[in-house]
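# Architecture and fold: a report
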Amino acid sequence: MAQNDVTVPFPAGFFSSAEECSVEAWLAFLGHRWNALILYHLSLGDLRFGELRERLPAITAKVLTERLGELRRVDLITRMPDDVTYAMTGLARDLMPILHSLEVWSRGLPDPRDRYSRRD
């Protein structure tokens, strides 16, 4: 493995090809439903599981548990010693300006789901 290669422990079957480059892998991971939203809320401060559920009312407890586990396995979040509070890691804090830039870029653009779901 080359020095700059990143190994990301994704769930089995998460990707269609094991040969995807790291940028594609990270974009897919961050685009996986809820992951970026969980990171956004944790960027505002450490939160308990119940607080995350309150901020994301459409997510089920089961799915939130799964997503938190995925985010922990790739070292974007950590569970604090009290075992109920979640916090961003330095890796996730490094990612936040990138996500913020994407959010700023996307302001005012049409929702892409409107275009790709339409048959022309």
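Residues numbered from 1 in each chain as written. Predicted model: local features only at pLDDT ≥ 70, side-chain atom pairs only at ≥ 80, totals over all residues. Heavy atoms only, no water.

Moving on, we get to a nonpolar patch on the surface. Together, Leu102, Trp105 and Leu109 line one region of the surface with nonpolar side chains, adding up to about 360 Å² of accessible area. Of note, Trp105 is situated in helix 5 (residues 90-106). (Patch = residues over 30% accessible without salt bridge, like charges linked within 9 Å, V, L, I, M, F, W, Y side chains within 5 Å. Areas by Shrake-Rupley, 256 points an atom, 1.4 Å probe, with all protein chains shown as cover. Salt bridge = Lys/Arg side-chain N within 4 Å of Asp/Glu carboxyl O. Helix = DSSP H or I, 4+ residues; strand = E, 2+ residues; numbered from the N terminus.)

In this section: the confidence of the model for the chain. Any region with low pLDDT has predicted coordinates that should not be read closely. When pLDDT is averaged along the chain, the result is 83, and 79% of the positions lie at 70 or above. Taken as a whole, residues 1-6 scores under 50 in pLDDT and shows two contacts with residues more than four places along the chain or in a different chain. (pLDDT = per-residue confidence, 0-100. Contact = heavy atoms within 4.5 Å.)

Pairing in this open sheet of three strands is antiparallel, and the strands run 1-3-2 from one edge to the other. This sheet does not close on itself; its edge strands, each paired only once, are strand 1 (47-48) and strand 2 (77-79). As paired elements, strand 2 and strand 3 (residues 85-88) share three bridges and run antiparallel to each other. If you follow Ile77 over to strand 3, its bridge partner there is Met88. In the packing of helix 2 (residues 35-43) onto the sheet, the strands contacted are strand 1, strand 2 and strand 3, and the crossing angle to strand 3 comes to about 95°. Helix 4 (residues 61-73) rests against strand 2 and strand 3 of the sheet, and its axis sits at about 110° to strand 2. (Pairing = 2+ DSSP bridges. Axes fitted to C-alpha atoms, helices over the stretch in contact; angles between N-to-C directions.)

This part takes up helix 1 (residues 22-31). Restricting attention to buried positions, one finds in helix 1 the residues Ala25, Phe29 and Leu30. One face of helix 1 carries all of its buried residues, which in axial projection span an arc of 125°. Those residues of helix 1 that are exposed and aimed more than 90 degrees away from the buried face are Val23, Leu27 and Gly31. Its buried side turned inward, helix 1 meets helix 2, helix 4 and helix 5. (Buried < 20%, exposed > 50% of the residue type's maximum accessible area, 1.4 Å probe, protein only. Arc of directions from axis to C-beta.)

Taken as a whole, this structure holds one aromatic pair when the rule is applied. Ring centres of Trp26 and Phe29 lie 5.8 Å apart, and the angle between their planes is 85°; this geometry places the pair in the edge-to-face category. Here Trp26 pairs with Phe29, and both are found in helix 1, just three residues apart, close to one helical turn. When its relative accessible area of 1% is taken as the criterion, Phe29 is described as buried. (Phe/Tyr/Trp six-rings, centres within 6.5 Å; stacked < 30°, edge-to-face > 60°.)

One finds Ile38, Leu39, Leu42, Leu52 and Leu76 to be the most contacted residues of the largest nonpolar core, which totals 22 residues. When contributions to this core are tallied by element, the ones reaching two or more residues are helix 1, helix 2, helix 4, strand 3 and helix 5. (Core = buried A, V, L, I, M, F, W, Y, C linked by side-chain atoms within 4.5 Å.)

Okay, the packing of helix 2 against helix 4 next. Across the interface, helix 2 lies against helix 4 with an axial gap of 10 Å and an inter-helix angle of 75°. Between helix 2 and helix 4, the angle falls in the class roughly perpendicular. Every residue of helix 4 that contacts helix 2 at Asn35, Ile38 and Leu39 is listed here: Leu64, Arg67, Leu68, Glu70 and Leu71. In the contact of helix 2 with helix 4, the residues fall into five nonpolar, one polar and two charged. (Parallel < 35°, antiparallel > 145°, perpendicular 65-115°, else oblique. Nonpolar A, V, L, I, M, F, W, Y, C, P; charged D, E, K, R; others polar.)

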